[in-house]
Amino acid sequence: MSLVVHRRLGLMCALLACGLPGGRAACASCVSAEDATGLLQLRAPPLPALAPLPRGHDGDGGHPFVEHAEDFAEEVVEEVQRIFASLRSDPSINPHVASDTQAAAHGDCRYSDLGARGCPIRGPQFAVGQSTQVYPGGSTACLDSDAYFFQVVKGRLDKLMIFFQGGGACWNKLSYDAQMCWTKSEALSLSGILNSSNTANPYWDYTKVVVTYCSGDMHAGNTTQPWGMFGLLGLPQRGYHNAKAAVDWVLGEFPKLESLLVTGVSAGALGTQIWSRTILSQFAGRTDRAAVLADSFMGVLWPERSLHQSTMWLLRRFQLCTTPLIDNHQLERCQNGTILLGEVWMEAMQMFPQVSFASVNSKVDNVQIMFEQAFEITSMLSLPGLMMTPAQYYIGVNRFLEAYHGHSNYMSFLVDGSQHTFLDKEYFYTATPLGAEIASASQPLLMHWARDCSNKVQRIAKTVCAGPLERLRDWTFVNSTSYCDESLLPQAFHRYRSKPGTASKM
């Protein structure tokens, strides 16, 4: 394959990353991918070693790959545009897409000169079952610079749910311009696990604090991005400061708890994973029991060997290493790019062995797949990442689960199908391992399994999955998503397997 071919592929990826029109003309005039990627401070990965051309080829005309490179580039551009359009039409990414639920009526509370004490949970601004928007001010901000608020639904004051909202991600100007993340605080509809009137919900009487999401940075950013007008206007990614404001308020208002649940969906599931160590440390000795439940984020990137490089790129883009979410013994690994976000979560599992940690995920989560495809092609300029298949994604999911299940306090619930998020939807009450709305007397309901995750007297299945067993090895490729990874349990586990659970304080 010739240097010309590699340059054209690099340019194609660079043009995608910069969102430039006129791909054909630009490919003909540019000489390196760096010319285009400099617009977004992106850098193409090093080109692989060049294979020699067959005798008689001069490196350009006549080589069939070169002749079709521009057509191929156009197809890739169209595929990325399709992915962005599909994601924009999903209500979990775009809050303005019509859905079957409406945000609850709400009141407001703004910090006064008294700070957080100006919005006490026992004050008149908060009523049981009512949604209240709390504006903390200070260092908080949304990506479009609007005022940030977190959402509170008052319930029992000895039971607390901290819920990290989802809402996409913005990692460069292209993803921001394509509206791949929420940029304003949006009150969350009170459905699924957030429903305070449905007594079938095992968390119906909890006070719920929704860490709303308008920063596009996994609730962990600490930077300003040059994505405004002509690159001159800086846009704040303050996810860390936004979440910290909500957590600080909670710490001041809930001195003693019977039960604490830290949870979230989509990008909020990643926020849940990143924030769990910090929150559990702050509540140590203040709650009888705690659980951490992440819904619909596994962090699969393809090919698997790209995981460290892609993670390093993302951490640096959001400046996550500059926040206290990374502790001192993790800091060096974070700075030199040898830490994975999954490792941060596993270290929380190890630090809090008496706390239940759990994941809910579809076997083929289309939203996760499309986001990861879009991220890989527009940040790492990875064609294999763009071409990740559902079967490859599911292999990646199982690799993460194998690592997580190395901790005795971790549990997982896999659902057949492509549904993205369950806890914030009515699927919370209907989902089984067979599907989002497929009931079976022999299969557990998600809502019962979630209840058991934080209930100290109930029995719980460590691993829930439906399908034939398949053992994955390093060299194995299974072109299917119907199976269950045998290494996650030594016996068949397509049935609901329970084991006695014991309760202990943090």
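Criteria and thresholds
Residues numbered from 1 in each chain as written. Predicted model: local features only at pLDDT ≥ 70, side-chain atom pairs only at ≥ 80, totals over all residues. Heavy atoms only, no water. Helix = DSSP H or I, 4+ residues; strand = E, 2+ residues; numbered from the N terminus. Buried < 20%, exposed > 50% of the residue type's maximum accessible area, 1.4 Å probe, protein only. Contact = heavy atoms within 4.5 Å. Areas by Shrake-Rupley, 256 points an atom, 1.4 Å probe, with all protein chains shown as cover. Patch = residues over 30% accessible without salt bridge, like charges linked within 9 Å, V, L, I, M, F, W, Y side chains within 5 Å. Salt bridge = Lys/Arg side-chain N within 4 Å of Asp/Glu carboxyl O. Pairing = 2+ DSSP bridges. Axes fitted to C-alpha atoms, helices over the stretch in contact; angles between N-to-C directions. Parallel < 35°, antiparallel > 145°, perpendicular 65-115°, else oblique. Left-handed = near helix turned anticlockwise from the far one by under 90°. Nonpolar A, V, L, I, M, F, W, Y, C, P; charged D, E, K, R; others polar. Expected span 1.5 Å × (residues − 1).

Participant: Before we move on, can you summarise the overall build of the protein with the specific residues and values?
Facilitator: A count of helices and strands for the protein gives 15 helices and 14 strands. Per-residue burial over the protein gives 57% buried out of 506 residues. Restricting the contact set of the protein to residue pairs at least 6 apart, pairs at least 24 apart contribute 73%. Of the accessible surface of the protein, which amounts to about 20,500 Å², a share of 54% is contributed by carbon and sulfur atoms.

Participant: Requested: an account of a nonpolar patch on the surface, with residues and values cited.
Facilitator: Taken together, the side chains of M229, F230, L232 and L233 present a nonpolar region at the surface, about 560 Å² in accessible area. Overall, L233 belongs to the partly exposed group, its relative accessible area being 47%.

Participant: Report on the sheet that holds strand β1 (residues 106-110), specifying residues and quantitative values.
Facilitator: The strands making up a sheet are joined through hydrogen bonds of the backbone, oriented either antiparallel or parallel. Read across the open sheet, the 10 strands follow the order β1-β2-β3-β5-β4-β8-β9-β10-β11-β12; overall the sheet is mixed. Whereas interior strands pair on both sides, the edge strands pair on one side only; in this sheet they are β1 and β12 (463-464). In this sheet, strand β3 (residues 150-153) lies alongside strand β2 (residues 131-135) in antiparallel orientation, the contact comprising 4 bridges. Its bridge partner being in β3, T132 is matched across the sheet by V152. Helix α10 (residues 341-351) rests against β9 (287-295), β10 (356-362) and β11 (410-415) of the sheet, and its axis sits at about 145 degrees to β10.

Participant: Can you tell me about the packing of helix α6 (residues 239-253) against helix α7 (residues 267-282), naming the residues and giving the values?
Facilitator: In contact at an axis separation of 11 Å, α6 and α7 are set at 20 degrees when each is read in the N-to-C sense. Considering their axes alone, α6 and α7 lie roughly parallel with respect to each other. Relative to α7, the crossing made by α6 is right-handed. On α7, the residues that touch Y240, A243, K244, V247 and L251 of α6 are W275, I279 and Q282. Partitioned by chemical class, the residues of the contact of α6 with α7 number 6 nonpolar, 1 polar and 1 charged.

Participant: A description of helix α8 (residues 307-318) should follow, citing residues and the corresponding values.
Facilitator: In this model, α8 (12 residues) spans 17 Å end to end at C-alpha, consistent with the 16 Å of a helix rising 1.5 Å per residue. Of the residues making up α8, those classed as buried are L307, S310, T311, W313, L314, L315, R317 and F318. Elements that come into contact with the buried residues of α8 comprise β6 (223-225), β7 (235-237), α9 (328-336), α10, α11 (366-378) and α13 (390-404).

Participant: Outline the pattern of salt bridges, supporting the account with residue identities and numerical values.
Facilitator: Following the criterion strictly, the structure yields 19 salt bridges and no others. Residue R289 pairs with E258 through a salt bridge whose shortest N-O separation is 3.7 Å. In this pair, R289 sits in strand β9 while E258 sits in strand β8 (residues 257-265), placing the two residues 31 residues apart along the sequence. For E258, a relative accessible area of 26% puts it in the partly exposed group. One salt bridge in this structure joins R399 and E402, with 3.6 Å as the shortest N-O distance. Placement of the pair is R399 and E402 together in helix α13, with a separation of 3 residues, close to one helical turn. Overall, E402 belongs to the partly exposed group, its relative accessible area being 26%.

Participant: Break down the environment of F318 for me, citing the residues and quoting the values.
Facilitator: Relative to the helices and strands, F318 resides in helix α8. The buried category is assigned to F318, whose relative accessible area is 1%. Put simply, F318 and A220 are 98 residues apart on the chain and 7.3 Å apart in space, counted from C-alpha to C-alpha. Those residues in contact with F318 that sit more than four places away from it in its chain are C170, W171, G216, D217, M218, A220, G221, N222, T223, Q225 and Q237.

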